[in-house]
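# Overview (structure and organization)
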Amino acid sequence: INVTESGSNIIINYAPGGSSLKTVTVSQMSDFPAPVGGVRTLLNDTDYFLQADLSTSDRFIVGSSTTLRGPASQIVKLTYTGAGTMLTGVNPNFRLDRVTLACPNGTLLNMSSTLPTSIFQMIEANIESCNSGGTISGAFICRIKGVAWQDIKTNGVTFTGTNLNLI
């Protein structure tokens, strides 16, 4: 909450969503980091709060202590229109929370780990469509809770390597 004075008026601004100084409010694609060669690399230690439905042909690379979340999966959707992998992470600490994802022609995710500390979480999300769920390999913790899988065309998520804690 921010309260300011302007002449004889008191202005009260409220920003919902439990944001922190590390929260980036995303209402258009330009609020994400700029793409390089069709890939957007999400910053470490950053919470991306989606406020609107967005569509892109850019893929995403996730990092350490990164979240991609929305107010509710019924409200916001991120659509990937390409044929590659929508979300990729190597040794990630990544949480996907309360958003709908669609990648009707692509693979949803590829999370791989060489360190015994990586964490991948998908909480209260909706996967509207994808050609394939993708791969999770070598995770220390993989937590999938309350996820609706609507239209997976060929394969679900494949777990490979040693995944220590599947929840």
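Here the structure is a predicted model, which means the values were calculated and not measured. (Residues numbered from 1 in each chain as written. Predicted model: local features only at pLDDT ≥ 70, side-chain atom pairs only at ≥ 80, totals over all residues. Heavy atoms only, no water.)

### Digging into the overall build of the chain
- Along its length, the chain carries 0 helices and 16 strands.
- The C-alpha atoms of the chain give 17 Å as radius of gyration, which agrees with the globular expectation for 167 residues (15 Å, within 12%).
- For the chain, buried positions account for 43% of its 167 residues.
- In the chain, 49% of the contacts between residues at least 6 apart in sequence involve partners at least 24 apart.
- Accessible surface, the chain: about 8400 Å² in total, of which carbon and sulfur atoms supply 51%. (Helix = DSSP H or I, 4+ residues; strand = E, 2+ residues; numbered from the N terminus. Rg over C-alpha atoms; globule rule 2.2 N^0.38 Å. Buried < 20%, exposed > 50% of the residue type's maximum accessible area, 1.4 Å probe, protein only. Contact = heavy atoms within 4.5 Å. Areas by Shrake-Rupley, 256 points an atom, 1.4 Å probe, with all protein chains shown as cover.)

### What to know about the state of the cysteines
- On inspection of all chains with the given rule, the structure shows 0 disulfides.
- No disulfide involves cysteine 103; its sulfur sits 4.9 Å from the nearest other cysteine sulfur, which is in cysteine 130.
- Classification of cysteine 103 by relative accessible area gives buried; the value is 0%.
- By relative accessible area, which is 0% here, cysteine 130 ends up buried. (Disulfide = S-S within 2.5 Å.)

### Focus on the nonpolar core
- One finds Phe32, Leu78, Leu87, Leu101, Leu108 and Met122 to be the most contacted residues of the largest nonpolar core, which totals 32 residues.
- Contributions of two or more residues to this core are made by strand 5 (46-50), strand 7 (59-69), strand 8 (77-80), strand 9 (85-97), strand 10 (100-112), strand 11 (119-123) and strand 12 (126-137).
- Ranked by residues supplied to this core, first place goes to strand 10 with 5 residues.
- Among residues more than four places away in sequence, those in contact with leucine 78 are Met29, Leu50, Leu54, Phe60, Leu68, Met86, Thr100, Leu101 and Ala102. (Core = buried A, V, L, I, M, F, W, Y, C linked by side-chain atoms within 4.5 Å.)

### So, the packing of aromatic side chains
- This model, assessed by the stated rule, comprises 3 aromatic pairs.
- Their ring planes at 65° and their centres at 5.2 Å tell us that phenylalanine 32 and phenylalanine 60 sit as a pair that is edge-to-face. Here phenylalanine 32 is found in the loop between strand 3 (23-26) and strand 4 (39-41), whereas its partner phenylalanine 60 is found in strand 7, with 28 residues between them in sequence.
- Take phenylalanine 32: its relative accessible area is 3%, and that puts it in the buried class.
- For phenylalanine 60, a relative accessible area of 0% translates into the label buried.
- Grouping aromatic residues by their ring pairs yields a cluster made of Phe32, Tyr48 and Phe60. (Phe/Tyr/Trp six-rings, centres within 6.5 Å; stacked < 30°, edge-to-face > 60°.)

### Overview of the side chain of serine 132
- Its location among the elements puts serine 132 in strand 12.
- By relative accessible area, serine 132 is classed as buried at 13%.
- Within the structure, the side chain of serine 132 is placed 3.4 Å from the backbone nitrogen of glycine 134, a separation counted as a polar contact.
- In this view, serine 132 contacts Gly106, Thr107, Leu108, Thr154, Asn155 and Gly156; residues no more than four positions away in its chain are not counted. (Polar contact = N/O pair within 3.5 Å; in protein donor to acceptor, adjacent residues only side chain to side chain.)

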